[in-house]
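Structural overview for review
Listed here are the chains, written in short residue letters.
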Amino acid sequence: MSDDHLYLSLAEGHDDSDARWAFGTGFEDPLHGVDQSVPEGTNAAQLAAYCLALGDDTLVSAQRLAQWCTAAPELEEEVALANIGLDLLGQTRLLYARAGQVDGTGRGEDAYAYFRDADAFRNVRLAELPNGDFAFSITRLLVLSSWRLALFERLAVTTSDPVLAAIAAKGVKELAYHRQYAAEWVVRLGDGTEESQRRMRDALAAIVPYLDELFAETGELKAEVLAVLRQVTDAAGLVWPETAPVPGHGRDGDHTEHLAPLLTELQSVARAHPEATW
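The structure displayed is predicted, hence computed values, not measured ones. Every chain's residues receive numbers from 1 upward, in the order its sequence appears when written. In keeping with the model being predicted, local features are shown solely for residues with a pLDDT of at least 70 and side-chain atom pairs are shown and tallied solely at 80 or more, while totals for entire chains, interfaces and linings include all residues. Only hydrogens and water are set aside when side-chain values are computed; all heavy atoms of the structure are taken into account.

**Things to note about the pattern of salt bridges**
By definition here, a salt bridge exists when the distance from a side-chain nitrogen of Lys or Arg to a carboxyl oxygen of Asp or Glu is within 4 Å. Using the criterion set out here, one finds 15 salt bridges in the structure. Put simply, Asp56 and Arg116 hold a salt bridge, and the shortest N to O gap is 2.5 Å. Of the two residues, Asp56 is situated in helix α2 (residues 44–66) and Arg116 in the loop between α4 (109–114) and α5 (134–158); the sequence distance between them amounts to 60 residues. Here Asp56 and Arg116 have matching classes, each one buried. Of the charged contacts, one joins Arg271 and Asp117 as a salt bridge, the two residues approaching to 3.1 Å between their closest N and O atoms. Here a strand is any run of E in DSSP of at least two residues, a helix any run of H or I of at least four, and the numbering for each starts at the N terminus. Note on exposure labels: buried denotes an accessible area under 20% of the residue type's maximum, exposed denotes more than 50%, and partly exposed covers the range between, all computed with a 1.4 Å probe on protein chains only.

**Quick word on the confidence of the model for the protein chain**
Per-residue confidence from the prediction method is given by pLDDT, with values spanning 0 to 100. Across the protein chain, the average pLDDT comes to 91, with 90% of residues at 70 or higher. Between two residues, a contact is recorded if the distance between any of their heavy atoms is within 4.5 Å. In this model residues 16–26 is a low-confidence stretch, pLDDT under 50, and it forms 29 contacts with partners more than four residues away in sequence or in other chains.

**Details of helix α10 (residues 259–272)**
Across its 14 residues, α10 extends 19 Å between first and last C-alpha, which sits within 8% of the 20 Å expected from 1.5 Å per residue. Given a residue, its bend is the angle between the two axes fitted to the seven residues that end at it and to the seven that start from it. Along α10, the helix axis deviates most sharply at Leu266, where the bend reaches about 45°. Residues of α10 that are buried include every one of Leu259, Leu262, Leu263, Leu266, Gln267 and Ala270, and no others. Elements that come into contact with the buried residues of α10 comprise α2 and α4. One less than the number of residues in a helix, times 1.5 Å, gives the span that helix is expected to have.

**A short note on the side chain of Arg98**
Mapped onto the secondary structure, Arg98 falls in helix α3 (residues 75–102). In this structure the side chain of Arg98 is engaged in a polar contact, spanning 2.8 Å, whose partner is the side chain of Gln101. Among residues more than four places away in sequence, those in contact with Arg98 are Gln36, Ser37, Val38, Pro39, Leu47, Cys51, Asp161, Val163 and Ile167. Any pair of N or O atoms that falls within 3.5 Å is considered a polar contact. Within protein, one atom must be able to donate a hydrogen and the other to accept it, and sequence-neighbouring residues count only if both atoms are side-chain atoms.

**Quick look at unusual backbone geometry**
If you check the backbone angles, Thr70 has positive phi at about 75° while not being a glycine. Of note, Thr70 is situated in the loop between α2 and α3.

**Looking at the environment of Pro247**
Note that Pro247 resides in the loop between α9 (222–235) and α10. Relative accessible area serves as the criterion here: at 68%, Pro247 is assigned to the exposed category. Distance in space between the C-alpha atoms of Pro247 and Ala49 is 22 Å, their sequence separation being 198 residues.

Structure follows, in structure tokens:
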């Protein structure tokens, strides 16, 4: 399968005319006109916890992508990764704002992002692993964007909360581009030099053990997401590794040793000047 065919196949059914680059492209408020009251019969605590976990995924992912600034292999890729990170931060802000609306605390997005310790975060552990080389980071981006895209496509039409549905619908357009971008790089590297192939094999071997965690609560998505991932790796000439899952779940607060240092860096200015305004 050529790169062009791969791109067209993954892009099918997604209008990416306003999905590229930074969050807010088009400057439309995705929540304009949306009823923001908690729907009758909805468990507010569970809704808040779910929005918080989804926001933690993207906050941590965005911070890892930001670490590629000045370090990406080409300036164009540096800009692309930074803007994908901005997309994810935009999703984080909306999700944290929704959590604060419904959890009864009235907390704002900064309180969630900057004033919680690692054991209070509920992101999946794959997001918090160190960047490694470009092959690892781009493979992780493919996995997380494929999983999140499938999840958001369903949330956009099935969740009882209209706010979460609107956030998901907005995110679908962005995540479709993220997935396409990552898939093209995976194919390019996997079908490239002997060195790039080796790095891609190592990246897959390191990432696949963390996949089961993604489907602990979304098992119905597993076949769909794995089919996409195998389509890409097949096109890249990569063999899917057989590896044992890593035990534990970030959704339960069970994190790797890598999350706390990441948050220390992320939160340092806000914690040093907690009442500052900019």
